[in-house]
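Spelled out, the chains give:
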Amino acid sequence: MPQPANRLFSFPDYPLATLGRRVEELRAQGIDIINLDVGSPDMPPPDVVIDTLCETANKSNTHGYSGYRGLKAFREAVARYYARRFGVEIDPETQVLPLVGSKEGIVNLCLAYLDHGDVALVPDIGYPSYSLGAYLAGASVHWIPVSEEAGYLPDFEALSQNLPAGAKLLWLNYPNNPTGAVASPDFYQRAVNFCRKHDLLLASDNPYVDVTYDGFHASSVLQAAGALENTIEFISFSKTYNMAGWRLGAAVSSQTTIKNLLQVKSNFDSGHFIPIYESGITAIDEISQSWIHDRNMVYQRRRDIMLEVLPQVGLAPFHPGGALYVWAKVTDPSLNGASYAEQALINAHVSMAPGIIYGPGGTQYVRLSMCTTDDRLRQALERLKHWYQERS
Ligand SMILES: Cc1ncc(COP(=O)(O)O)c(C=O)c1O
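Since we're looking at a predicted model, the values are computed, not measured.

Thresholds applied
Residues numbered from 1 in each chain as written. Predicted model: local features only at pLDDT ≥ 70, side-chain atom pairs only at ≥ 80, totals over all residues. Heavy atoms only, no water. Helix = DSSP H or I, 4+ residues; strand = E, 2+ residues; numbered from the N terminus. Rg over C-alpha atoms; globule rule 2.2 N^0.38 Å. Contact = heavy atoms within 4.5 Å. Areas by Shrake-Rupley, 256 points an atom, 1.4 Å probe, with all protein chains shown as cover. Domains from an automatic or database assignment. Buried area = accessible area lost by both parts, 1.4 Å probe. Salt bridge = Lys/Arg side-chain N within 4 Å of Asp/Glu carboxyl O. Polar contact = N/O pair within 3.5 Å; in protein donor to acceptor, adjacent residues only side chain to side chain. Nonpolar A, V, L, I, M, F, W, Y, C, P; charged D, E, K, R; others polar. Buried < 20%, exposed > 50% of the residue type's maximum accessible area, 1.4 Å probe, protein only.

### What about the overall build of the protein?
Phase 1 of the analysis: Within the protein, the secondary structure is distributed over 14 helices and 13 strands.
Phase 2 of the analysis: Its C-alpha atoms give the protein a radius of gyration of 21 Å, within 12% of the compact-globule value 21 Å for 392 residues.
Phase 3 of the analysis: Reported as C-alpha extents along the three principal axes, the dimensions of the protein are approximately 60 × 55 × 55 Å.
Phase 4 of the analysis: Looking at the protein alone, contacts between residues at least 24 apart form 75% of all its contacts between residues at least 6 apart.
Phase 5 of the analysis: Accessible surface for the protein amounts to roughly 16300 Å². Of this, 52% is attributable to carbon and sulfur atoms.

Here's what the structure looks like:
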């Protein structure tokens, strides 16, 4: 057998995929694992979205290729969303690109912009695909420190003193996975100014923009003055509309950046299934703000259940303003995030993500997802309490 490409040795398997296999093995042994590791919404999208899927799938003319740029009507719906939600006008013809989930766009953007010798600036605690995409492209990663005290926001002053040669792309993500940190419009303006000054492409990964708590409304980086020139934003239907398995997202940027991303993407896939685009249009046009608000209140309730109990199981949580996770520091110095998560899995049968997955700065942390019913969540917390109290 031939050896696989050297490329395969430059990055690991996707970390949560490895954890998922472990959970499957334990379940195959008959163990009831409660999964708090993955951010896959447990609630369905509204019926109107599912009805659109069924109706359009039942038509005879919806089964062909949909085009490399997806349906025009879908791109127009994304433009309507930006106008309505953020007051940002974009051209659906040239400034929107549908994606097979935002993850696809993240990795393809790395392939479109990074070469060997280039550097991606990645917050040290962030979604793994930013660094893995850079490695896949043969580029390297410069980790930007972020701290709880600074609300997990990068310090652009410090970064400009320490900007590595070859820096080309800066990743941001607020509301943030895994920390739940949120950003203000003023922060986005500083980010845009910083990137324009240093000739960087700013990539704002924004899948949780509509998953926020305590009355907070997240903004788009594209609201910042001058943003469109050097910024790309990714949105996703996965979390906004509970459509993670449908794999639908979009990139919004300047005509040039969209064209470059499409050049890579058009070689990887041939667009999405037309009924998926049609369902996305329905989601944008027909899902009300009150549906989103009510759904967010469910997560907020789960968040509050977790925030109350986690200190009793050796975890110091950060208060998340958005996204689907509670990020918590392991307080027992004899444990780190990985050993805590491992022991919780083995002894309490609760699966959570070790913080190291999100960068070296996450070593002492774990991430718990809110994507399970209140009852299962309470059961998980009881199990953790039982295990943690037994061990001390
Ligand atoms: C920060 C972040 N970006 C992107 C994604 C990928 O989302 P999608 O389902 O749109 O590919 C996720 C999924 O969890 C995420 O947390």
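Here the narrative resumes.
### Remarks on the domain arrangement of the protein
Phase 1 of the analysis: For the protein, the assigned domains read domain 1 (6–44 + 290–391) and domain 2 (65–286).
Phase 2 of the analysis: Taking the mean C-alpha position of each, domain 1 and domain 2 sit 25 Å from one another.
Phase 3 of the analysis: With 36 residues of domain 1 at the interface, the matching set in domain 2 holds 34 residues.
Phase 4 of the analysis: Summed over both sides, the interface of domain 1 with domain 2 buries roughly 3000 Å², with 58% coming from carbon and sulfur.
Phase 5 of the analysis: Between the two partners, domain 1 and domain 2, sit one salt bridge.
Phase 6 of the analysis: Inspection of the region where domain 1 meets domain 2 yields 22 residue pairs in polar contact (both at pLDDT 80 or more).
Phase 7 of the analysis: Elements represented by at least two residues in the side of domain 1 that touches domain 2 include exactly α12 (289–309), β10 (325–330) and β13 (365–369).
Phase 8 of the analysis: In terms of residue count, α12 provides more of the side of domain 1 that touches domain 2 than any other element does, seven residues in total.
Phase 9 of the analysis: Of the residues in the side of domain 1 that touches domain 2, the class split is 21 nonpolar, eleven polar and four charged.

### Overview of the environment of L384
Phase 1 of the analysis: By the element assignment, L384 lies in helix α14 (residues 374–391).
Phase 2 of the analysis: For L384, a relative accessible area of 0% gives the class buried.
Phase 3 of the analysis: Leaving out residues up to four positions away in the same chain, L384 has contacts with V313, A344, A348, V350 and M352.

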